[in-house]
Amino acid sequence: MPRWERALVTGASSGIGRELARQLAEDGTDLVLVARNETRLDELAGELDVDCEVLVADLADPTERSYVEERVRDHNRPIDLLVNNAGFGTTGSIDDLDVERESAVVDVIVVAVHRLALIAARRMTEAGSGGILNVSSMAGFMSSPNTSTYAATKAFVTNFSESLHSDLRDKGVHVSALCPGFTRTEFQDRADYDTSKLPDAVWQSAEDVAREGLAGIARNTAIVVPGMQNKVGAAMVNFMPRRVMRFAMRQM
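This text gives an overview of the structure that appears in the document. (Residues numbered from 1 in each chain as written. Predicted model: local features only at pLDDT ≥ 70, side-chain atom pairs only at ≥ 80, totals over all residues. Heavy atoms only, no water.)

1. Remarks on the overall build of the chain
Right, so step 1: Helix and strand counts for the chain stand at 9 helices and 9 strands.
Right, so step 2: In the chain, of all internal contacts separated by at least 6 residues, the share reaching a separation of at least 24 is 66%. (Helix = DSSP H or I, 4+ residues; strand = E, 2+ residues; numbered from the N terminus. Contact = heavy atoms within 4.5 Å.)

Structure, rendered in structure tokens:
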């Protein structure tokens, strides 16, 4: 299995991204930490016993995103593992949601992932090695009323990652989509998503999700679904008629 020398992790200031950075550091991987919150990034960098670069950027902003793109292109300090983790969601009926806010969800989860992955893929294929781990979601496997933009963006991430996996598997580059379900992070609070009725059994920790994601990219597994409950759910989606799935998601 590969050992990553330097990884760039977007959305590293909290949640799954922060835990991915921690676990990579435990394995001796140097890091480029990307997020909007400089204070949190500095705190994380100070806790880790590896070389950490802090890169403050809002991936919804094309100018700020370009700084991250240039860092991925840098041949002098090469990135051999790109972790596209940054993302956020909104909740509500699509006709009530703010257009600009919904567009920002697409910019961060689709546009930024697409551009950074393509830039990384070109540099990594030239080097003959590397890895791209795109954090997707179980939401990408199904329709999701009240979180329709988020679910659609994650469907893109999963399908895009699977295609990249096939394109690059014979060129020395690993590509995986990590598709967690309900994970205890700040994501639900930020999206104003009410989880009070969800049983404890459906939840995973960010630590467990990150561990399975890193194991999956090391093995070059195309789609990584962490947790038995999520594996069962993903399998059920494959056999469930779309009409039944839409009804079930509306009830949830």
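2. Some details on the packing of helix H1 (residues 15–26) against helix H2 (residues 38–47)
Right, so step 1: Where H1 meets H2, the axes come as close as 11 Å, and the angle between the chain directions of the two elements is 25°. Considered as vectors, H1 and H2 are oriented roughly parallel to each other. Considering how the two elements wind past one another, H1 and H2 form a crossing that is right-handed. Note on element contacts: H2 touches H1 through Arg 40, Leu 44 and Glu 47, opposite Arg 18, Ala 21 and Arg 22.
Right, so step 2: Counted by class, the contact of H1 with H2 contains 2 nonpolar, no polar and 4 charged residues. (Axes fitted to C-alpha atoms, helices over the stretch in contact; angles between N-to-C directions. Parallel < 35°, antiparallel > 145°, perpendicular 65-115°, else oblique. Left-handed = near helix turned anticlockwise from the far one by under 90°. Nonpolar A, V, L, I, M, F, W, Y, C, P; charged D, E, K, R; others polar.)

3. Some thoughts on the side chain of Thr 10
Right, so step 1: By the element assignment, Thr 10 lies in strand S1 (residues 6–10).
Right, so step 2: Judged by its relative accessible area of 1%, Thr 10 is buried.
Right, so step 3: Ignoring anything within four residues of it in the chain, the contact list for Thr 10 reads Val 34, Leu 59, Val 83, Asn 84, Asn 85, Ala 86 and Leu 116. (Buried < 20%, exposed > 50% of the residue type's maximum accessible area, 1.4 Å probe, protein only.)

4. Some details on the pattern of salt bridges
Right, so step 1: What the rule picks out here adds up to 12 salt bridges.
Right, so step 2: A salt bridge links Glu 5 to Arg 3, with the shortest nitrogen-to-oxygen separation between them at 3.3 Å.
Right, so step 3: Taking relative accessible area as the criterion, Arg 3 reaches 42% and is therefore assigned partly exposed.
Right, so step 4: The network of salt bridges with shared partners includes Arg 6, Glu 53, Arg 71, Asp 74 and Arg 77. (Salt bridge = Lys/Arg side-chain N within 4 Å of Asp/Glu carboxyl O.)

5. A short note on the packing of aromatic side chains
Right, so step 1: The full count for this structure, using the stated rule, is 1 aromatic pair.
Right, so step 2: Pairing Phe 156 with Phe 160 gives two aromatic rings, centres 5.3 Å apart and planes at 15°, and the pair type is stacked. Taken together, the positions of Phe 156 and Phe 160, both in helix H5 (residues 148–168) and 4 residues apart, correspond to about one turn of that helix.
Right, so step 3: Since its relative accessible area comes to 27%, Phe 156 is described here as partly exposed. (Phe/Tyr/Trp six-rings, centres within 6.5 Å; stacked < 30°, edge-to-face > 60°.)

6. So, the nonpolar core
Right, so step 1: Formed by 34 residues in total, the largest nonpolar core has its most connected members in Leu 8, Val 34, Val 68, Leu 82 and Ile 132.
Right, so step 2: Listing elements by their share of this core, those giving two or more residues are strand S2 (30–35), helix H3 (62–73), helix H4 (99–127), H5 and strand S6 (173–178).
Right, so step 3: Here this core gets 12 residues from one element, more than from any other, and that element is H4.
Right, so step 4: The next biggest cluster of nonpolar side chains, apart from the first, holds 29 residues, and it includes Ile 16, Leu 24, Ala 210 and Ile 217. (Core = buried A, V, L, I, M, F, W, Y, C linked by side-chain atoms within 4.5 Å.)

7. A look at H1
Right, so step 1: Its 12 residues give H1 an end-to-end C-alpha distance of 17 Å, which sits within 8% of 16 Å, the value for a rise of 1.5 Å per residue.
Right, so step 2: Counting buried residues in H1 gives 9 out of 12 residues, a clear majority hidden from the surface.
Right, so step 3: Of the positions making up H1, those classed as buried are Ile 16, Gly 17, Arg 18, Glu 19, Leu 20, Ala 21, Gln 23, Leu 24 and Ala 25.
Right, so step 4: After H1 finishes, the residue Gly 28 shows a positive phi value of roughly 90°. (Expected span 1.5 Å × (residues − 1).)

8. Points about the sheet that holds strand S5 (residues 130–135)
Right, so step 1: Pairing in this open sheet of 7 strands is parallel, and the strands run S3-S2-S1-S4-S5-S6-S9 from one edge to the other. Either end of the sheet is taken by a strand with one partner, and the two such strands are strand S3 (52–56) and strand S9 (223–224).
Right, so step 2: Pairing analysis gives 5 bridges linking S1 to S2, with the strands arranged parallel. Of the residues in S2, the one forming a bridge with Val 9 is Leu 33.
Right, so step 3: Contacts between H1 and the sheet are confined to S1, S2, strand S4 (81–84) and S5, with S2 contributing the most and set at about 170° to the helix.
Right, so step 4: Its contacts with the sheet place helix H7 (residues 206–219) against S4, S5, S6 and S9, and it is angled at close to 150° to S6. (Pairing = 2+ DSSP bridges.)

9. What about the packing of H4 against H5?
Right, so step 1: Running from N to C, H4 and H5 point in directions that differ by 10°, and their axes come no closer than 9 Å. Here H5 runs roughly parallel to H4, going by the angle between their axes. Residues Glu 102, Val 105, Val 106, Ile 109, Val 110, Val 113, His 114, Ala 117, Leu 118, Ala 121 and Thr 125 of H4 form the contact with H5, whose own contacting residues are Thr 149, Tyr 150, Thr 153, Lys 154, Phe 156, Val 157, Phe 160, Leu 164 and Leu 168.
Right, so step 2: For the contact of H4 with H5, the per-class residue count stands at 14 nonpolar, 4 polar and 2 charged.

On their own, these measurements won't tell you what the molecule is for.
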